[in-house]
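Coordinate analysis (summary)
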Amino acid sequence: MDLLKFDPQKCSLCGKCIEKCPFGALAMENTGIAVNDKCRACGLCVRICPEKAIHFEQKADTFDKDSWKDFLIFVEQERGDIHPVAFELIGEARKMAPKVDYKVNCVIVGGAGTGKNAEKLLAYGADKVYVYEHPGFEGFRADCYADAVADCIAAVRPSSILIGATALGRSLAPRLSTRFHTGLTADCTTLDIKENTDMVQIRPAFGGNIMAQIQIAHSRPQFATVRYRVMDRASRVEHPSGEIVSCQVTEEMVHSRIKILSSEVIRKQKTLEEEDILVAVGRGVRTEKDVEMCRELAEALGGQLAFTRPMVENGFGDNAHQIGLSGRTVRPKLLITCGVSGAIQFTSCMTGSECIVAINNDPEAQIFNVAHYCVVDDLYQVVPMLTQLVRDRKED
């Protein structure tokens, strides 16, 4: 789908649009002025053209879906290793791929060791892994990574591109979708694909009150970012048959306008998504003192304290420790809920937990519909006793 159009009858080839383009997206060729994939559709060239020879034109169904095929997974690296969200994306793509006879390919960008990490992906069913390895990719710089991944997309022409909804992924994905003038659905919790290769992307909307189904029907490629620990991790294959493709890295790709003046390694702490043991508090926990009572249980178990959305809105916690559609999706080995009613916005983001223990004095509470163990009792009696029991077991 071409968005930028030049009228050859009006264009005087003055070159002002090429000179003023901040992204270097325009060039003079034998046939006139040409646009490359660096165009951000900012509209500056349209405004400054003295002949009014440039305009935006967006026509649906002017692209060939058949020329865009397969899945492409962006594989993020963190501290020299593959971020685990990549394996979840591969697993989800492998579930959808047989429905449309697609392959599951990956692209990985980074410094030394990137090629070795790429080999690990073959064991999880990747058909091809495109590797961009260069010292210039040490440390994430959005412009360099976007250039490398865009180069891969332009060459491979994938139909759907999946990126982890991490801090890095949320920076990279919109840059890429803008370059290719196509849509992006952020923070997806469910994915599916139709026979016509349109991907069904489901995500919470309006503060988590509805689940929106989004499709990018009139452009390719399709971009989606997916939350960590939402999808099932890909299983290993018995006989890997994929291949590694080493891609050429140009000096333009590693040249960045971003200069890193200094860096410091921050001690990594477990996020809520990575935690194996969580104690979640809801509106049944009424005061700060009561919250601390539940925090003591979490610390005794060696886990973290989490909150429902109403508790965060009332100032008892922050969004980084909120479970729910407008917060985090978790899959711990043990989740204990204290005074949580069990609204769908909360339960839909924690039902993957291995063991759920619910404490609530209301026998009709919705949380009991998803809990493995239901404690119908006063949490102010149960929680202190449970905390003491855990501490006594540790001393033994």
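Residues numbered from 1 in each chain as written. Predicted model: local features only at pLDDT ≥ 70, side-chain atom pairs only at ≥ 80, totals over all residues. Heavy atoms only, no water.

**Considerations on the overall build of the protein chain**
Tallying secondary structure elements over the protein chain gives 11 helices and 21 strands in all. With the C-alpha coordinates of the protein chain rotated into their principal frame, the extents come out at 80 × 50 × 45 Å. Here the analysis covers contacts within the protein chain between residues at least 6 apart in sequence; of these, 64% occur between residues at least 24 apart. Entry remark: accessible area of the protein chain is about 20,100 Å², with carbon and sulfur atoms responsible for 48%. (Helix = DSSP H or I, 4+ residues; strand = E, 2+ residues; numbered from the N terminus. Contact = heavy atoms within 4.5 Å. Areas by Shrake-Rupley, 256 points an atom, 1.4 Å probe, with all protein chains shown as cover.)

**Some words on the sheet that holds strand E17 (residues 277-281)**
Hydrogen bonding along the main chain pairs the strands of a sheet, whether they run parallel or antiparallel. If you trace the five strands from one edge of the open sheet to the other, you get E18-E17-E19-E20-E21, paired in parallel fashion. Unpaired on one side and paired on the other, strand E18 (304-307) and strand E21 (373-375) mark the two borders of the sheet. In this sheet, neighbouring strand axes are inclined to one another by 20° on average, regardless of whether the strands run parallel or antiparallel. Pairing of E17 with E18 involves four bridges; the strand directions are parallel. For Val281, the partnering residue across the bridge sits in E18 and is Phe307. Sheet contacts for helix H8 (residues 288-301): E17, E18 and strand E19 (334-338); angle to E18, the most-contacted strand, approximately 135°. (Pairing = 2+ DSSP bridges. Axes fitted to C-alpha atoms, helices over the stretch in contact; angles between N-to-C directions.)

**Observations concerning the packing of H8 against helix H11 (residues 379-395)**
The interhelical angle for the contact between H8 and H11, taken along N-to-C directions, is 25°, at an axis separation of 9 Å. Taken together, the axes of H8 and H11 lie roughly parallel to each other. Seen along the crossing, H8 lies across H11 with a hand that is left-handed. Contacts between H8 and H11 involve Asp290, Met293, Cys294, Glu296, Leu297, Glu299, Ala300 and Leu301 from the former and Leu379, Tyr380, Val383, Pro384, Leu386, Thr387, Val390, Arg391 and Lys394 from the latter. When the residues that make up the contact of H8 with H11 are grouped by side-chain class, the tally is 11 nonpolar, one polar and five charged. (Parallel < 35°, antiparallel > 145°, perpendicular 65-115°, else oblique. Left-handed = near helix turned anticlockwise from the far one by under 90°. Nonpolar A, V, L, I, M, F, W, Y, C, P; charged D, E, K, R; others polar.)

**Some remarks on the pairing of strand E20 (residues 355-359)**
Along E20, four of the five residues are buried, which leaves the element largely enclosed by surrounding structure. Bridge count between E19 and E20: five bridges; the pairing is parallel. Note that in E20 the partner of Leu334 across the bridge is Cys355. The pairing of E20 with E21 spans three bridges and is classified as parallel. Among the inter-strand pairings, Val357 is bridged to a residue of E21, identified as Tyr373. (Buried < 20%, exposed > 50% of the residue type's maximum accessible area, 1.4 Å probe, protein only.)

**Section: the packing of aromatic side chains**
For the structure on display, the rule yields four aromatic pairs. Summarising the aromatic geometry, the rings of Phe71 and Tyr102 are spaced 5.8 Å apart at their centres and angled 75° between planes, so their arrangement reads as edge-to-face. You can see Phe71 sitting in strand E5 (residues 71-75) and its partner Tyr102 sitting in the loop between helix H3 (85-100) and strand E8 (104-110), a full 31 residues away along the chain. Take Phe71 and Tyr102: they sit in the same class, and that class is buried. Geometrically, the ring pair formed by Phe140 and Tyr145 is edge-to-face, given 5.0 Å between the ring centres and 75° between the ring planes. Of the residues examined, Tyr145 reaches a relative accessible area of 8% and is grouped as buried. An aromatic cluster is built from Phe137, Phe140 and Tyr145, whose rings are joined through pairwise contacts. (Phe/Tyr/Trp six-rings, centres within 6.5 Å; stacked < 30°, edge-to-face > 60°.)

**Quick word on unusual backbone geometry**
With an omega of 0°, the peptide bond between Arg220 and Pro221 qualifies as cis. Residue placement: Pro221 occurs in the loop between strand E14 (210-214) and strand E15 (222-226). Of note, the phi angle at His181 is positive, near 55°, even though the residue is not glycine. Its location among the elements puts His181 in the loop between helix H6 (167-179) and strand E11 (184-188). The residue Arg229 is not glycine, and still its phi comes out positive at about 70°. Residue classification places Arg229 among the buried positions, given a relative accessible area of 17%.

**Re the nonpolar core**
Grouped together as the largest cluster of nonpolar side chains are 36 residues, with contacts concentrated most on Phe71, Ile73, Cys106, Leu121, Val129, Leu162 and Leu191. At the level of secondary structure, the elements contributing two or more residues to this core comprise E5, H3, E8, helix H4 (114-122), strand E9 (128-133), strand E12 (190-193) and E15. Here this core gets nine residues from one element, more than from any other, and that element is H3. Counting 28 residues, the second-largest nonpolar core is a separate cluster that includes Tyr130, Phe137, Cys144 and Ala148. (Core = buried A, V, L, I, M, F, W, Y, C linked by side-chain atoms within 4.5 Å.)

**As for the side chain of Thr329**
With respect to the secondary-structure elements, Thr329 resides in the loop between helix H9 (309-313) and E19. Here Thr329 falls in the buried class, since its relative accessible area comes to 9%.

**Some details on the sheet that holds strand E13 (residues 199-205)**
Strand order in the open sheet made by the three strands is E12-E13-E14, with antiparallel pairing throughout. Pairing within the sheet leaves two strands with one partner each, and these edge strands are E12 and E14. Strand after strand, the sheet turns through a mean of 25° between neighbouring axes, direction not considered. Two strands pair when backbone bridges link them, and E12 and E13 are joined in this way by four bridges, in the antiparallel orientation. Within E13, the position partnered with Thr190 by the bridge is Ile202. Contacting E12 and E13, H3 crosses the sheet at an angle of about 20° to E12.

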